[in-house]
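The primary structure of each chain is shown beneath.
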Amino acid sequence: MTKLQSLEQSVRALGGLWDTQRAVTAFRDAGHGEGDQRQQEKRARWALRRLVEAGVLTKVQDRPVRYRTTEDAEHA
């Protein structure tokens, strides 16, 4: 399973709001916590943007950036 797939699995299972820190935590929990904090945050932001492109997440706030699962956003 790729890092992106593991994050997508976490997002779909847990739902709710997602930000960089929550994505970093999900990566660490899945065994993908390599690198220093800056590298982990960069990887998390990249993955969150890919999940937006895939239609899994919807951006709901700019600063700080927050995402909601698309399913949750449609029902809000």
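Definitions and cut-offs
Position numbers for residues count from 1 along each chain, tracking the sequence in the order it is written. Per-residue local features of the predicted model are confined to residues with pLDDT of at least 70, and side-chain atom pairs are confined, for both listing and counting, to 80 or more; whole-chain, interface and lining totals are unaffected and use all residues. Computation of side-chain values covers all heavy atoms of the structure but excludes hydrogens and water. By the criteria applied, helices consist of DSSP H or I runs no shorter than four residues and strands consist of E runs no shorter than two, each listed in order from the N terminus. For this measure, only C-alpha atoms enter the radius of gyration; the expected value for a globule follows 2.2 Å times N^0.38, where N is the number of residues. Three labels apply to residues, based on accessible area from a 1.4 Å probe with only protein chains included: buried if under 20% of the type maximum, exposed if over 50%, partly exposed otherwise in between. We call two residues in contact whenever any of their non-hydrogen atoms come within 4.5 Å of each other. Note on areas: these come from Shrake-Rupley sampling with a 1.4 Å probe, and a residue is covered only by the protein chains present in the view. When charges are counted, Lys and Arg contribute as positive and Asp and Glu as negative, whereas His and the chain ends are disregarded. To locate a charge, take atom NZ for lysine, CZ for arginine, CG for aspartate or CD for glutamate. Throughout this description, the term nonpolar core refers to a set of buried Ala, Val, Leu, Ile, Met, Phe, Trp, Tyr and Cys residues connected via side-chain atoms within 4.5 Å. Two strands pair if DSSP finds at least two bridges between them. Only the six-membered ring of Trp is used, alongside the rings of Phe and Tyr, when aromatic pairs are assigned; centres must lie within 6.5 Å, and planes under 30 degrees apart are stacked while those over 60 apart are edge-to-face, with the rest tilted. Lysine NZ or arginine CZ positioned within 6 Å of the ring centre and within 35 degrees of the ring normal marks a charge as sitting over the ring. To estimate how far a helix should extend, the number of its residues minus one is multiplied by 1.5 Å. By arc we mean the arc of the directions from the helix axis to the C-beta atoms, nothing more.

As for the overall build of the chain
Reasoning step 1: Counting its secondary structure elements, the chain contains four helices and three strands.
Reasoning step 2: Along the chain, helices (α) and strands (β) appear in the sequence α-β-α-α-β-β-α when read from the amino end.
Reasoning step 3: At 12 Å, the chain has a C-alpha radius of gyration in line with the 11 Å of a compact globule built from 76 residues.
Reasoning step 4: Its C-alpha atoms give the chain principal-axis dimensions of roughly 35 × 25 × 20 Å.
Reasoning step 5: A burial count over the chain gives 29% of its 76 residues as buried.
Reasoning step 6: Taking the contacts inside the chain whose residues are at least 6 apart along the sequence as the reference set, 44% of them involve residues at least 24 apart.
Reasoning step 7: Roughly 4900 Å² of accessible area belongs to the chain as shown, and the carbon and sulfur atoms make up 47% of that amount.
Reasoning step 8: Charge centroids of the chain, computed over 14 positive and 11 negative side chains, lie 6 Å from each other.

A short note on the nonpolar core
Nonpolar side chains in soluble globular proteins tend to end up buried together.
Reasoning step 1: Ranked by size, the top nonpolar core spans 14 residues in total, and within it Leu 7, Val 11, Trp 18, Leu 48, Leu 51 and Leu 57 carry the most contacts.
Reasoning step 2: Of all elements in the fold, only α1 (3-14), α2 (20-29) and α3 (37-53) reach the threshold of two or more residues within this core.
Reasoning step 3: What Trp 18 contacts, discounting residues up to four positions off in sequence, is Leu 7, Ser 10, Val 11, Ala 23, Ala 26, Leu 48, Leu 57, Val 65, Arg 66, Tyr 67 and Thr 69.

Describing the side chain of Thr 69
Reasoning step 1: Its location among the elements puts Thr 69 in strand β3 (residues 66-69).
Reasoning step 2: We classify Thr 69 as buried; its relative accessible area is 8%.
Reasoning step 3: Setting aside residues no more than four positions away along its own chain, Thr 69 makes contact with Val 11, Gly 15, Gly 16, Trp 18, Val 56 and Leu 57.

Notes on the sheet that holds β3
Reasoning step 1: Overall, antiparallel pairing links the three strands, which are arranged β1-β3-β2 in an open sheet. Looking at the sheet topology across the chains shown, the edges are occupied by β1 (17-18) and β2 (57-61).
Reasoning step 2: Taken together, the two bridges between β1 and β3 define a ladder with antiparallel strand orientation. Across the sheet, the residue bridging to Trp 18 is Tyr 67, located in β3.

As for the packing of aromatic side chains
Reasoning step 1: If you walk through the whole model with that rule in mind, you get zero aromatic pairs.
Reasoning step 2: Note that Arg 22 overlies the ring of Trp 18, its terminal NZ or CZ placed 4.0 Å from the centroid.

A closer look at α3
Reasoning step 1: Taking 1.5 Å of rise per residue, 17 residues should cover 24 Å, and α3 covers 25 Å from first to last C-alpha, within 8% of that figure.
Reasoning step 2: Among all positions of α3, only Gln 40, Arg 43, Ala 44, Ala 47, Leu 48 and Leu 51 are buried. Along the axis of α3, the buried positions cluster into a sector of 135°, meaning they face one direction only. In α3, those exposed residues whose orientation departs by more than 90 degrees from the buried face are Arg 38, Lys 42 and Glu 53.
Reasoning step 3: Of the surrounding secondary structure, the elements contacted by the buried residues of α3 are α1, β1, α2, β2 and β3.

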